[in-house]
Amino acid sequence: MTESLETTNHSTDSGPGGYAAARLRLLQEEPRSGPPRRTALAGLTDQWLAALLNGGAETAGIDRGVSLVAVGGYGRGELSPRSDLDVLLLHDGSADRSALAALADHIWYPVWDMGLALDHSVRTPDEARGTAAEDLKVQLGLLDARHIAGDADLTADLRTTVLADWRAQAPRRLPELHALCQERAERHGELQFLLEPDLKEARGGLRDATALRAIAASWLADAPREGLDDARRRLLNARDALHLSTGRATDRLALQEQDQVAGALGLLDADALLRQIYESARIISYASDVTWREVERVLRARSAARPRLRALLGGRGGRGGPGSGADTGERSPLAEGVVEQDGEVVLARAARPDRDPVLPLRAAAAAAQAGLPLSPYAVRRLTAAARPLPVPWPPEAREQLITLLGAGESTVGVWEALEAEGLITRLLPDWERVRCRPQRNPVHRWTVDRHLVETAVRASALSRRVGRPDLLLVAALLHDIGKGWPGDHSVAGETIARDVAARIGFDRADVAVLATLVRHHLLLVETATRRDLDDPATVRSVAEAVGGATTLELLHALTEADALATGPAAWSAWRGSLVADLVKRVSAVLAGEPADDWSTPQQTTAEQERLAVEAWRTGGPVLALHARSEALPPGETGLLTDVIEGPPEEGPSGQEPIGVELLIAVPDQLGVLATAAGVLALHRLTVRAADLRAVELPSDLDAADTVGGVLLLSWRVAAEYGSLPQAARLRNDLLRALDGSLDIVARLAEREAAYRKYPRRRGVHAPPPRVTVAPGSSQLATVIEVRAQDAPGLLHRIGRALENTGVAVRSAHVSTLGANAVDAFYVTDDSGAPLKPMHAAEVAQEVERALTSPPVA
């Protein structure tokens, strides 16, 4: 063996057994974790592979021109417990190919015997460069090439040429790398908002951190360094803990692993873990945005410079004239102390942040209104030099905040720039508690802080509907501010909103309105979807809570903005129509008109009346199915058909269908709700919304012999799998279920047992159902509210439980929000009166017991 292949003495045996024992000891050492353990694991692996190279080279008769090179994460010395080993066997071409193959086998097979994942290749320097030129991922891996053993000069030459190639090819390869990053983000989502994030592949994850290193190596641009190394280290630590807790090479932080990973990292709980991960991802994402923007600027400037250089060399002058496309570096004023330069918002040369406390908000508002990014260097200067605002804020500061919030979509990027340098928490100290705070409800797309900003974005589009858009925008920003505190976030948020509103300079009356909006931001949608709007108590309670027409107008817009910013499952034309109906009724009460009496029959459409009459005449159920879309106004449906095959057709203007409306008219009898719900579940129809009420028959009918009249059940359903069933089959099964010849209970119990045995998603444990009595919600009935995980047959089980208690369901209001069902049932005793408090509590307990117990046939 020559000097080039000799290595130092090693602390581990070259066989798998010695390395395995040393590796196990290292991974089990509690005090050593994080970067020290990753570095030690890489060093230990280096020693083992070096010994394998030396032994294999001696056996194969190779004494020079060979080296072993670590690339990728291994090359960076960042080995997690289950990381792949990315290794290149580099040779100068002088060795015999059969000897090289024998040497490679001598190294690879012991690694495979250990059960370690191995990404390996055998190449000459020219072959490595050629492969890198064709495959961007190979080139990125070689940028982190590190010598392990063998001919160090061979490795050094490869590193030098690969870096030179990368810098020469950067104008072509960096756009390709940017496209890969964007494609990966679309596929895996944004790490900072995912409940089960992929720590490596999601946007803001470890892949993006590696891409930033590659950009820095190109010398074209460099990422903001503040906090970037710490963010990357925290993500790597989380991946280490995930590998050790699962025993698998996984980068996806599943829900069931989060508590254990949090404990391994010394964090309080899974929420603390997610918040730390989200903050790290946010730092990497922001650094990526800034860096890619700088890359584009540099490449654009280079592209513009080439024609000028050619013109200069050709003797036609060296100045780019008008329309040449060159970046002139000219500054365009946007606001006092704020200018635009090279597509970014920067501070004017004469700006004095140390004497102008409003400058940060003015710069942010100007950037958002112009739809331009705020320069990170400007934000950093503002953070370092700006004076704190006096309390209360001067009017200009408040106006600039409202201007920023009202800019629409461009608000988000500017807000993130302020967040990155800590300016938001300096302006609004209460923001710290909601920053990067996860939301466990899968209906929510965003963390709490991002949801608040998104709500303001949505509210800006509704600002023309209200007389005080400034109050709407600030309420949107603050409506969930209480989620960082224990207890009801609306109650906590009301107190915080009062403090913040006074701090930013609103007068006493406006502070009171903002506090009311935050306290009751869920009032309209919860009342509209869970309460009977024909009950005067419902409308009066909302009117008392709101207090005035101006507040009601603002609350209506805030409700819509909040729901739209939550996620697609939180808002629909159906929900919007219910909220609008409630607002109309409350407006009438606030204007001095009396609330409608529940005893006044609800207006019945011609079709509903026809179905009710037919049900009364035949003594059995009558069904109608309609395709519905968002484009159709409430109460209007598509073509009535007896049979609907396949999914409903699109509505006008390509609007997405929101499901199918199913109307059932049936003579009133015990158990109608449970039976109908059971038949729908049997046909695998998912109930999105439901309403049950009695229908007044026409006065010219002799309905004296009709016991209990006719019930009308309005359902909004969707087929769980495949096409919708035929209306005739639904009616036939409903008839059989009502007369007892179809055992719905047994059929659904079998399906429920199969559902529990093979759940669609393992590892997700829903919270237990909760059944409560809503006191004061109605003067004519008792309201039983059920909150539970949506599941096949849920409404049937609730209906059966109510039926078993002997109460009468006067009306029902069912809504499904994502995976959660929130249902309200207006019930009375056999005399038609509300239940006594003790009886109501017993009914609630019985329903809850039925939902927590396994179904019994």
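To start, this report covers the structure provided alongside it. All of these numbers come straight from a predicted model, not from anything done at the bench.

Let us now look at the packing of helix α2 (residues 35-60) against helix α9 (residues 228-246). Between α2 and α9, the shortest axis-to-axis distance is 10 Å and the interhelical angle comes to 70°. By the angle class used here, α2 and α9 are roughly perpendicular. Facing Pro-35, Arg-37 and Arg-38 of α2, the residues of α9 in contact are Arg-233, Leu-236, Asn-237, Asp-240 and Leu-244. Across the contact of α2 with α9, the residue classes tally to three nonpolar, one polar and four charged.

All right, on to α9 then. Taking 1.5 Å per residue, 19 residues should reach 27 Å; α9 reaches 27 Å between its end C-alpha atoms and fits that length. For α9, a buried count of 14 out of 19 residues is recorded, marking the element as mostly surrounded by other parts of the structure. Count one or two residues on from α9 and you reach Gly-247, which has phi positive near 70°.

What follows deals with the environment of Asp-198. Within the secondary structure, Asp-198 is located in the loop between α7 (152-188) and α8 (206-218). For Asp-198 and Arg-239, which are 41 residues apart along the polypeptide, the C-alpha to C-alpha distance reads 9.6 Å. Not counting residues up to four positions away in its chain, the partners in contact with Asp-198 are His-188, Leu-191, Asp-251 and Arg-252. Polar side-chain contacts of Asp-198 include one of 2.9 Å to the backbone nitrogen of Lys-200.

A few words now on the packing of helix α22 (residues 536-546) against helix α24 (residues 573-590). Think of two packed helices as two axes; the pair is described by the angle between the axes and how far apart they sit. Contact geometry for α22 and α24: axes closest at 9 Å, N-to-C directions at 70°. If you check the angle between α22 and α24, you find them roughly perpendicular. On α24, the residues touching Val-539, Val-542 and Ala-543 of α22 are Leu-582, Arg-585, Val-586, Val-589 and Leu-590. Considered class by class, the residues forming the contact of α22 with α24 number seven nonpolar, no polar and one charged.

A few words on the sheet that holds strand β3 (residues 118-123). As summarised here, the arrangement of the four strands in space is β3-β2-β1-β4, forming an open sheet in which the pairing is mixed. The strands lining the two open edges of the sheet, one partner per strand, are β3 and β4 (146-150). Mean inter-strand twist for the sheet, computed between neighbouring axes without regard to direction, equals 25°. Two elements, strand β2 (residues 85-91) and β3, share six bridges in a ladder whose sense is parallel. Along β3, the bridge assignment pairs Val-87 with His-120. Those strands touched by α7 are β1 (66-70), β2 and β4, and its axis lies near 105° from that of β2.

The subject of this paragraph is the nonpolar core. One finds Leu-374, Trp-393, Trp-415, Leu-428, Trp-431 and Phe-506 to be the most contacted residues of the largest nonpolar core, which totals 89 residues. Core analysis: the second largest hydrophobic core is formed by 56 residues, Val-71, Leu-199, Leu-212 and Leu-236 among them.

Attention now goes to the sheet that holds strand β7 (residues 344-347). Pairing within the open sheet is antiparallel, and its three strands lie in the order β5-β6-β7. A strand with exactly one partner marks an edge of an open sheet, and here the two such strands are β5 (331-335) and β7. Across the sheet, the mean angle separating the axes of adjacent strands is 40° when strand polarity is ignored.

A few words now on the packing of aromatic side chains. Any two aromatic rings considered together are summarised by their centre-to-centre distance and by the angle between their planes. Tallied over the full model, the rule gives four aromatic pairs. Ring centres of Tyr-19 and Trp-48 lie 4.1 Å apart, and the angle between their planes is 5°; on these two criteria the pair is classed as stacked. Here Trp-48 lies in helix α2 and Tyr-19 lies in helix α1 (residues 16-28), a separation of 29 residues in the sequence. According to the relative accessible area criterion, Trp-48 is buried, its value standing at 0%. Ring plane angle 90° and centroid distance 4.9 Å describe the contact between Phe-193 and Trp-446, whose orientation is recorded as edge-to-face. Of the two residues, Phe-193 is situated in the loop between α7 and α8 and Trp-446 in the loop between α16 (423-427) and α17 (448-461); the sequence distance between them amounts to 253 residues. Looking at Phe-193, the relative accessible area reads 10%, which means it is buried. When its relative accessible area of 11% is taken as the criterion, Trp-446 is described as buried. The ring of Tyr-74 has Arg-146 sitting right over it, with the charged end atom 5.3 Å from the ring centre. Across from the ring centre of Phe-506, 5.4 Å away, lies the NZ or CZ of Arg-398, which sits over that ring.

Criteria and thresholds
- Residues numbered from 1 in each chain as written.
- Predicted model: local features only at pLDDT ≥ 70, side-chain atom pairs only at ≥ 80, totals over all residues.
- Heavy atoms only, no water.
- Axes fitted to C-alpha atoms, helices over the stretch in contact; angles between N-to-C directions.
- Helix = DSSP H or I, 4+ residues; strand = E, 2+ residues; numbered from the N terminus.
- Parallel < 35°, antiparallel > 145°, perpendicular 65-115°, else oblique.
- Contact = heavy atoms within 4.5 Å.
- Nonpolar A, V, L, I, M, F, W, Y, C, P; charged D, E, K, R; others polar.
- Expected span 1.5 Å × (residues − 1).
- Buried < 20%, exposed > 50% of the residue type's maximum accessible area, 1.4 Å probe, protein only.
- Polar contact = N/O pair within 3.5 Å; in protein donor to acceptor, adjacent residues only side chain to side chain.
- Pairing = 2+ DSSP bridges.
- Core = buried A, V, L, I, M, F, W, Y, C linked by side-chain atoms within 4.5 Å.
- Phe/Tyr/Trp six-rings, centres within 6.5 Å; stacked < 30°, edge-to-face > 60°.
- Lys NZ or Arg CZ within 6 Å of the ring centre and 35° of its normal.

Geometric values such as these leave the question of function open.
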